[in-house]
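Okay, here's what each chain looks like letter by letter:
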Amino acid sequence: MIDLSTVIAGVSFPVGLMNASGALCVTQDELEALGKADAGAIVTKSMTPLAREGNPHPRYVAIDGGSINSMGLPNLGYPAYAKLIPELKCFRKPVIASLAGLHPDDFLEGAKALHVAGPDLVEVNLSCPNIPGKPQIGYDFEETEHLLRALRDIFSIPFGVKLPPYFDPIHHQKIADVLERIGVAFVTVINSVGNTLVVDPEKEQVVIKPKGGFGGLGGRIIKPVALANVRAFWKIWGDQIPIIGTGGVENGIDIFEHVLCGASAVQVGTILVEEGVGVFTRLARELTECLERKGYPSLMACRGKLQEME
Ligand code: SIN
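Here the structure is a predicted model, which means the values were calculated and not measured. (Residues numbered from 1 in each chain as written. Predicted model: local features only at pLDDT ≥ 70, side-chain atom pairs only at ≥ 80, totals over all residues. Heavy atoms only, no water.)

**Student:** How should the packing of helix α6 (residues 223-237) against helix α7 (residues 252-261) be read in this particular structure?
**Tutor:** Two numbers describe a pair of packed helices, the interaxial angle and the distance between the axes. Where α6 meets α7, the closest approach of the two axes is 8 Å, and the angle between their N-to-C directions is 25°. By the criterion of interaxial angle, the relationship of α6 to α7 is roughly parallel. The segment α6 lies against α7, with Lys223, Ala226, Leu227, Val230, Arg231 and Trp234 engaging Asp254, Glu257, His258, Leu260 and Cys261. Taken together, the residues of the contact of α6 with α7 sort by class into 6 nonpolar, 1 polar and 4 charged. (Axes fitted to C-alpha atoms, helices over the stretch in contact; angles between N-to-C directions. Helix = DSSP H or I, 4+ residues; strand = E, 2+ residues; numbered from the N terminus. Parallel < 35°, antiparallel > 145°, perpendicular 65-115°, else oblique. Contact = heavy atoms within 4.5 Å. Nonpolar A, V, L, I, M, F, W, Y, C, P; charged D, E, K, R; others polar.)

Structure representation (C-alpha coordinates):
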(Lines give C-alpha, C1' and ligand atoms only; values in the text may rest on other atoms or scores of the structure.)
Protein backbone atom coordinates (compact mmCIF):
# COMPACT_ATOMS: atom_id res chain seq x y z
CA MET A 1 0.00 0.00 0.00
CA ILE A 2 1.43 3.39 -1.00
CA ASP A 3 1.77 5.82 1.91
CA LEU A 4 0.09 9.13 1.00
CA SER A 5 0.58 10.69 4.42
CA THR A 6 2.57 13.81 5.17
CA VAL A 7 3.70 15.95 8.09
CA ILE A 8 3.58 19.75 8.17
CA ALA A 9 4.95 21.68 11.14
CA GLY A 10 4.73 18.57 13.30
CA VAL A 11 1.09 17.93 12.36
CA SER A 12 0.36 14.55 10.72
CA PHE A 13 -1.99 14.39 7.75
CA PRO A 14 -3.39 10.96 6.76
CA VAL A 15 -3.24 12.08 3.10
CA GLY A 16 -1.31 15.06 1.78
CA LEU A 17 -4.36 16.34 -0.03
CA MET A 18 -6.97 18.86 1.14
CA ASN A 19 -9.29 21.64 0.02
CA ALA A 20 -7.93 25.06 -0.78
CA SER A 21 -9.42 27.70 1.46
CA GLY A 22 -12.39 29.11 -0.40
CA ALA A 23 -13.59 25.92 -2.04
CA LEU A 24 -16.71 24.48 -0.36
CA CYS A 25 -15.58 25.42 3.14
CA VAL A 26 -17.73 28.36 4.27
CA THR A 27 -20.62 26.76 6.15
CA GLN A 28 -20.82 24.16 8.91
CA ASP A 29 -22.35 21.67 6.43
CA GLU A 30 -19.54 22.21 3.94
CA LEU A 31 -16.84 21.85 6.59
CA GLU A 32 -18.43 18.68 7.94
CA ALA A 33 -18.64 17.26 4.41
CA LEU A 34 -14.87 17.77 4.14
CA GLY A 35 -14.52 15.99 7.46
CA LYS A 36 -16.45 12.97 6.15
CA ALA A 37 -14.73 12.93 2.74
CA ASP A 38 -11.32 11.45 1.89
CA ALA A 39 -9.66 14.84 2.33
CA GLY A 40 -6.52 14.80 4.49
CA ALA A 41 -7.55 17.95 6.37
CA ILE A 42 -10.31 20.51 6.76
CA VAL A 43 -9.34 24.03 5.71
CA THR A 44 -11.82 26.78 6.58
CA LYS A 45 -12.82 29.67 4.39
CA SER A 46 -10.70 32.76 5.06
CA MET A 47 -12.39 34.47 7.96
CA THR A 48 -12.91 38.13 8.84
CA PRO A 49 -14.13 39.71 12.10
CA LEU A 50 -17.77 39.86 11.04
CA ALA A 51 -19.78 37.57 8.80
CA ARG A 52 -19.70 38.74 5.18
CA GLU A 53 -22.03 38.10 2.24
CA GLY A 54 -19.15 38.73 -0.13
CA ASN A 55 -19.26 40.38 -3.55
CA PRO A 56 -22.33 40.54 -5.80
CA HIS A 57 -23.18 37.62 -8.11
CA PRO A 58 -22.16 36.34 -10.61
CA ARG A 59 -18.81 36.07 -8.84
CA TYR A 60 -17.57 32.58 -9.81
CA VAL A 61 -17.62 31.24 -13.36
CA ALA A 62 -16.09 28.03 -14.70
CA ILE A 63 -14.24 28.74 -17.94
CA ASP A 64 -12.35 26.63 -20.42
CA GLY A 65 -9.40 25.26 -18.41
CA GLY A 66 -10.30 26.70 -15.03
CA SER A 67 -12.32 29.37 -13.29
CA ILE A 68 -12.43 33.06 -12.49
CA ASN A 69 -13.75 34.29 -9.17
CA SER A 70 -14.24 37.40 -7.15
CA MET A 71 -16.01 36.00 -4.11
CA GLY A 72 -15.04 38.85 -1.77
CA LEU A 73 -14.45 36.69 1.31
CA PRO A 74 -17.99 35.50 2.09
CA ASN A 75 -17.63 33.85 5.50
CA LEU A 76 -19.27 33.38 8.88
CA GLY A 77 -16.90 35.62 10.85
CA TYR A 78 -14.31 34.85 13.55
CA PRO A 79 -16.70 34.03 16.41
CA ALA A 80 -18.65 31.45 14.38
CA TYR A 81 -15.51 29.65 13.20
CA ALA A 82 -13.95 29.83 16.65
CA LYS A 83 -17.01 27.92 17.88
CA LEU A 84 -17.02 25.45 14.98
CA ILE A 85 -13.34 24.53 14.96
CA PRO A 86 -13.36 22.48 18.18
CA GLU A 87 -16.41 20.57 16.84
CA LEU A 88 -14.55 19.73 13.61
CA LYS A 89 -11.88 17.92 15.63
CA CYS A 90 -14.25 14.92 15.83
CA PHE A 91 -13.24 14.02 12.25
CA ARG A 92 -9.74 13.16 13.51
CA LYS A 93 -7.88 15.01 10.81
CA PRO A 94 -6.06 18.34 11.00
CA VAL A 95 -8.15 21.50 10.98
CA ILE A 96 -6.50 24.49 9.34
CA ALA A 97 -8.04 27.89 10.02
CA SER A 98 -7.60 30.42 7.23
CA LEU A 99 -7.23 33.87 8.71
CA ALA A 100 -7.95 37.04 6.74
CA GLY A 101 -8.95 40.59 7.51
CA LEU A 102 -9.75 43.88 5.89
CA HIS A 103 -7.32 45.73 8.12
CA PRO A 104 -4.12 44.63 9.93
CA ASP A 105 -5.90 44.94 13.30
CA ASP A 106 -8.47 42.40 12.09
CA PHE A 107 -5.77 39.76 11.75
CA LEU A 108 -4.66 40.35 15.33
CA GLU A 109 -8.22 40.08 16.61
CA GLY A 110 -8.65 36.88 14.61
CA ALA A 111 -5.41 35.46 15.95
CA LYS A 112 -6.69 35.94 19.49
CA ALA A 113 -10.00 34.19 18.65
CA LEU A 114 -8.16 31.29 17.01
CA HIS A 115 -5.74 30.98 19.87
CA VAL A 116 -8.73 29.92 21.99
CA ALA A 117 -10.39 27.78 19.27
CA GLY A 118 -7.24 25.71 18.81
CA PRO A 119 -7.00 24.69 15.14
CA ASP A 120 -4.00 22.49 14.34
CA LEU A 121 -2.51 25.12 12.03
CA VAL A 122 -3.38 28.63 10.90
CA GLU A 123 -2.96 29.72 7.29
CA VAL A 124 -2.71 33.51 7.17
CA ASN A 125 -4.18 34.66 3.88
CA LEU A 126 -1.95 37.43 2.52
CA SER A 127 -3.24 37.16 -1.00
CA CYS A 128 -6.97 37.69 -1.52
CA PRO A 129 -7.21 39.76 -4.72
CA ASN A 130 -10.94 40.39 -4.53
CA ILE A 131 -11.65 43.11 -2.01
CA PRO A 132 -12.16 46.40 -3.87
CA GLY A 133 -9.59 48.95 -2.73
CA LYS A 134 -7.54 46.45 -0.70
CA PRO A 135 -4.21 45.40 -2.19
CA GLN A 136 -2.82 41.88 -1.72
CA ILE A 137 -0.61 42.18 1.35
CA GLY A 138 1.82 39.56 0.09
CA TYR A 139 3.00 41.93 -2.64
CA ASP A 140 4.12 44.43 0.00
CA PHE A 141 7.12 42.86 1.72
CA GLU A 142 7.41 45.48 4.47
CA GLU A 143 3.73 45.31 5.34
CA THR A 144 3.92 41.51 5.34
CA GLU A 145 6.82 41.50 7.78
CA HIS A 146 5.15 44.04 10.03
CA LEU A 147 1.90 42.07 10.17
CA LEU A 148 3.57 38.70 10.69
CA ARG A 149 5.75 40.03 13.52
CA ALA A 150 2.64 41.20 15.32
CA LEU A 151 0.90 37.85 14.71
CA ARG A 152 3.93 35.92 15.93
CA ASP A 153 3.62 37.66 19.27
CA ILE A 154 0.06 36.33 19.65
CA PHE A 155 0.14 32.83 18.19
CA SER A 156 1.19 29.76 20.04
CA ILE A 157 -0.32 27.63 17.22
CA PRO A 158 2.05 27.09 14.27
CA PHE A 159 1.10 29.44 11.48
CA GLY A 160 1.94 29.68 7.82
CA VAL A 161 1.02 32.03 5.01
CA LYS A 162 -0.92 31.76 1.78
CA LEU A 163 0.91 33.76 -0.84
CA PRO A 164 0.01 35.26 -4.18
CA PRO A 165 1.95 34.10 -7.23
CA TYR A 166 5.28 35.83 -7.79
CA PHE A 167 6.72 36.15 -11.25
CA ASP A 168 10.30 37.19 -10.66
CA PRO A 169 13.08 35.34 -8.78
CA ILE A 170 13.99 38.49 -6.86
CA HIS A 171 10.47 38.56 -5.41
CA HIS A 172 10.67 34.90 -4.40
CA GLN A 173 13.94 35.63 -2.61
CA LYS A 174 12.66 38.80 -0.91
CA ILE A 175 9.50 37.24 0.46
CA ALA A 176 11.44 34.11 1.43
CA ASP A 177 13.83 36.28 3.45
CA VAL A 178 10.89 37.86 5.28
CA LEU A 179 9.27 34.49 6.01
CA GLU A 180 12.55 33.04 7.26
CA ARG A 181 13.05 35.98 9.61
CA ILE A 182 9.54 35.43 10.98
CA GLY A 183 9.92 31.67 11.17
CA VAL A 184 6.64 30.71 9.50
CA ALA A 185 5.68 27.05 9.87
CA PHE A 186 4.70 26.56 6.20
CA VAL A 187 3.76 28.38 3.02
CA THR A 188 0.85 27.74 0.71
CA VAL A 189 1.44 28.73 -2.89
CA ILE A 190 -0.38 29.95 -4.85
CA ASN A 191 -3.61 31.81 -4.35
CA SER A 192 -5.47 32.52 -7.57
CA VAL A 193 -3.70 34.64 -10.18
CA GLY A 194 -5.28 37.94 -9.22
CA ASN A 195 -6.97 40.58 -11.32
CA THR A 196 -7.34 38.67 -14.54
CA LEU A 197 -10.12 39.29 -17.03
CA VAL A 198 -12.31 36.85 -18.95
CA VAL A 199 -14.38 38.20 -21.83
CA ASP A 200 -17.60 36.79 -23.31
CA PRO A 201 -17.28 37.86 -26.97
CA GLU A 202 -20.91 37.04 -27.82
CA LYS A 203 -22.31 39.26 -25.10
CA GLU A 204 -19.35 41.65 -25.44
CA GLN A 205 -19.24 41.56 -21.66
CA VAL A 206 -17.14 40.51 -18.71
CA VAL A 207 -18.23 37.22 -17.08
CA ILE A 208 -18.27 38.22 -13.40
CA LYS A 209 -19.85 41.28 -11.83
CA PRO A 210 -17.46 42.50 -9.08
CA LYS A 211 -14.55 44.84 -9.77
CA GLY A 212 -15.56 45.45 -13.38
CA GLY A 213 -14.98 41.79 -14.19
CA PHE A 214 -11.45 41.49 -12.77
CA GLY A 215 -10.96 38.37 -10.67
CA GLY A 216 -8.68 35.57 -9.56
CA LEU A 217 -7.88 32.88 -12.10
CA GLY A 218 -7.77 29.26 -10.91
CA GLY A 219 -7.77 25.74 -12.29
CA ARG A 220 -5.72 23.91 -14.88
CA ILE A 221 -4.58 27.03 -16.74
CA ILE A 222 -2.60 28.28 -13.73
CA LYS A 223 -0.72 25.03 -13.05
CA PRO A 224 2.60 26.20 -14.58
CA VAL A 225 2.48 29.35 -12.42
CA ALA A 226 1.76 27.29 -9.32
CA LEU A 227 4.49 24.74 -10.06
CA ALA A 228 7.00 27.52 -10.68
CA ASN A 229 6.23 29.07 -7.28
CA VAL A 230 6.44 25.74 -5.45
CA ARG A 231 9.74 25.02 -7.16
CA ALA A 232 11.18 28.48 -6.55
CA PHE A 233 10.57 28.23 -2.78
CA TRP A 234 11.82 24.64 -2.65
CA LYS A 235 15.05 25.77 -4.32
CA ILE A 236 15.47 28.44 -1.65
CA TRP A 237 14.48 26.35 1.39
CA GLY A 238 14.57 22.68 0.51
CA ASP A 239 12.74 20.91 3.34
CA GLN A 240 13.40 23.71 5.84
CA ILE A 241 9.91 25.26 5.42
CA PRO A 242 7.15 22.92 4.18
CA ILE A 243 5.29 24.02 1.06
CA ILE A 244 1.63 23.31 0.32
CA GLY A 245 1.16 23.42 -3.45
CA THR A 246 -2.09 24.86 -4.78
CA GLY A 247 -3.09 25.56 -8.34
CA GLY A 248 -4.14 23.56 -11.34
CA VAL A 249 -4.64 20.18 -9.72
CA GLU A 250 -7.22 18.13 -11.59
CA ASN A 251 -5.81 14.60 -11.36
CA GLY A 252 -3.31 12.40 -9.55
CA ILE A 253 -0.48 13.27 -11.93
CA ASP A 254 -0.94 16.97 -11.17
CA ILE A 255 -0.44 16.19 -7.47
CA PHE A 256 2.67 14.17 -8.34
CA GLU A 257 4.04 17.17 -10.28
CA HIS A 258 3.49 19.52 -7.34
CA VAL A 259 5.29 17.12 -4.99
CA LEU A 260 8.13 16.57 -7.47
CA CYS A 261 8.58 20.36 -7.45
CA GLY A 262 8.83 20.32 -3.65
CA ALA A 263 5.32 20.39 -2.17
CA SER A 264 4.70 18.46 1.05
CA ALA A 265 0.94 18.50 0.45
CA VAL A 266 -1.46 19.76 -2.17
CA GLN A 267 -4.72 21.71 -2.07
CA VAL A 268 -7.53 21.70 -4.60
CA GLY A 269 -9.93 24.52 -5.42
CA THR A 270 -11.61 24.70 -8.82
CA ILE A 271 -11.87 20.92 -9.30
CA LEU A 272 -13.42 20.58 -5.83
CA VAL A 273 -16.04 23.21 -6.66
CA GLU A 274 -16.76 21.49 -9.97
CA GLU A 275 -16.82 17.87 -8.75
CA GLY A 276 -17.72 18.05 -5.06
CA VAL A 277 -16.01 16.31 -2.14
CA GLY A 278 -15.99 12.93 -3.92
CA VAL A 279 -13.03 14.33 -5.86
CA PHE A 280 -10.71 13.42 -2.96
CA THR A 281 -11.41 9.70 -3.43
CA ARG A 282 -10.65 9.90 -7.14
CA LEU A 283 -7.50 11.97 -6.62
CA ALA A 284 -6.13 9.62 -3.94
CA ARG A 285 -6.74 6.63 -6.23
CA GLU A 286 -5.07 8.30 -9.21
CA LEU A 287 -2.14 9.45 -7.09
CA THR A 288 -1.65 5.94 -5.72
CA GLU A 289 -1.70 4.52 -9.27
CA CYS A 290 0.82 7.13 -10.39
CA LEU A 291 3.23 6.46 -7.51
CA GLU A 292 2.91 2.69 -7.97
CA ARG A 293 3.71 2.98 -11.67
CA LYS A 294 6.72 5.16 -10.83
CA GLY A 295 7.97 2.82 -8.10
CA TYR A 296 7.69 5.30 -5.22
CA PRO A 297 6.66 3.73 -1.89
CA SER A 298 5.26 6.98 -0.54
CA LEU A 299 4.23 10.49 -1.52
CA MET A 300 7.13 12.00 0.37
CA ALA A 301 9.64 9.75 -1.41
CA CYS A 302 9.26 11.86 -4.58
CA ARG A 303 9.24 15.27 -2.90
CA GLY A 304 11.59 17.74 -4.59
CA LYS A 305 12.95 15.09 -6.98
CA LEU A 306 12.34 17.16 -10.13
CA GLN A 307 15.38 16.97 -12.41
CA GLU A 308 16.87 19.86 -14.29
CA MET A 309 18.63 19.44 -17.63
CA GLU A 310 22.43 19.27 -17.78
C1 SIN B 1 -12.41 35.41 -2.18
O2 SIN B 1 -13.17 35.15 -1.21
O3 SIN B 1 -12.57 36.40 -2.88
C4 SIN B 1 -11.28 34.50 -2.50
C5 SIN B 1 -10.35 34.38 -1.38
C6 SIN B 1 -8.93 34.47 -1.79
O7 SIN B 1 -8.62 34.51 -2.97
O8 SIN B 1 -8.07 34.49 -0.92
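**Student:** Where do I start with helix α5 (residues 169-182) in this structure?
**Tutor:** With 14 residues, α5 should cover 20 Å at 1.5 Å per step; its first-to-last C-alpha distance of 20 Å lies within 8% of that length. All buried positions along α5 are accounted for by His172, Ile175, Ala176, Val178, Leu179 and Ile182. The arc that holds the buried residues of α5, viewed along the axis, is 160°, so those residues lie on one side. Where α5 is buried, its residues contact α4 (141-154), β9 (159-163), β10 (187-189) and α6. (Expected span 1.5 Å × (residues − 1). Buried < 20%, exposed > 50% of the residue type's maximum accessible area, 1.4 Å probe, protein only. Arc of directions from axis to C-beta.)

**Student:** Help me out: how do you make sense of the packing of aromatic side chains in this one?
**Tutor:** All chains considered together, the criterion is met by 6 aromatic pairs. For the ring pair Tyr139 and Tyr166, a centre distance of 5.6 Å and an interplane angle of 90° mean the geometry is edge-to-face. Of this pair, Tyr139 sits in the loop between β8 (121-125) and α4 while Tyr166 sits in the loop between β9 and α5, placing them 27 residues apart in sequence. On the basis of relative accessibility, which here comes to 39%, the residue Tyr139 falls in the partly exposed class. When the ring of Phe233 is compared with that of Trp237, the centres are 5.2 Å apart and the planes differ by 20°; the resulting orientation is stacked. (Phe/Tyr/Trp six-rings, centres within 6.5 Å; stacked < 30°, edge-to-face > 60°.)

**Student:** Help me understand the sheet that holds strand β5 (residues 60-63) in this model?
**Tutor:** The strands making up a sheet are joined through hydrogen bonds of the backbone, oriented either antiparallel or parallel. Spatially, the 4 strands line up as an open sheet ordered β5-β6-β14-β11, and their pairing is antiparallel. Since the sheet does not close on itself, it has two edges, and those belong to β5 and β11 (193-197), each with one partner. Across the sheet, the axes of successive neighbouring strands diverge by a mean angle of 40°, strand direction being ignored. As paired strands, β5 and strand β6 (residues 66-69) are joined by 4 bridges and run antiparallel to one another. In the sheet register, Ala62 faces β6, and the bridge partner there is Ser67. (Pairing = 2+ DSSP bridges.)

**Student:** How should I be thinking about the state of the cysteines in this particular structure?
**Tutor:** Here a disulfide denotes one covalent bond, and it connects the sulfur atoms of two cysteines. The full count for this structure, using the stated rule, is 0 disulfides. With no disulfide of its own, Cys128 lies 12 Å from the sulfur of Cys25, the closest cysteine sulfur. A relative accessible area of 16% places Cys128 in the buried class. No disulfide involves Cys261; its nearest neighbouring cysteine sulfur is the one of Cys302, lying 10 Å away. (Disulfide = S-S within 2.5 Å.)

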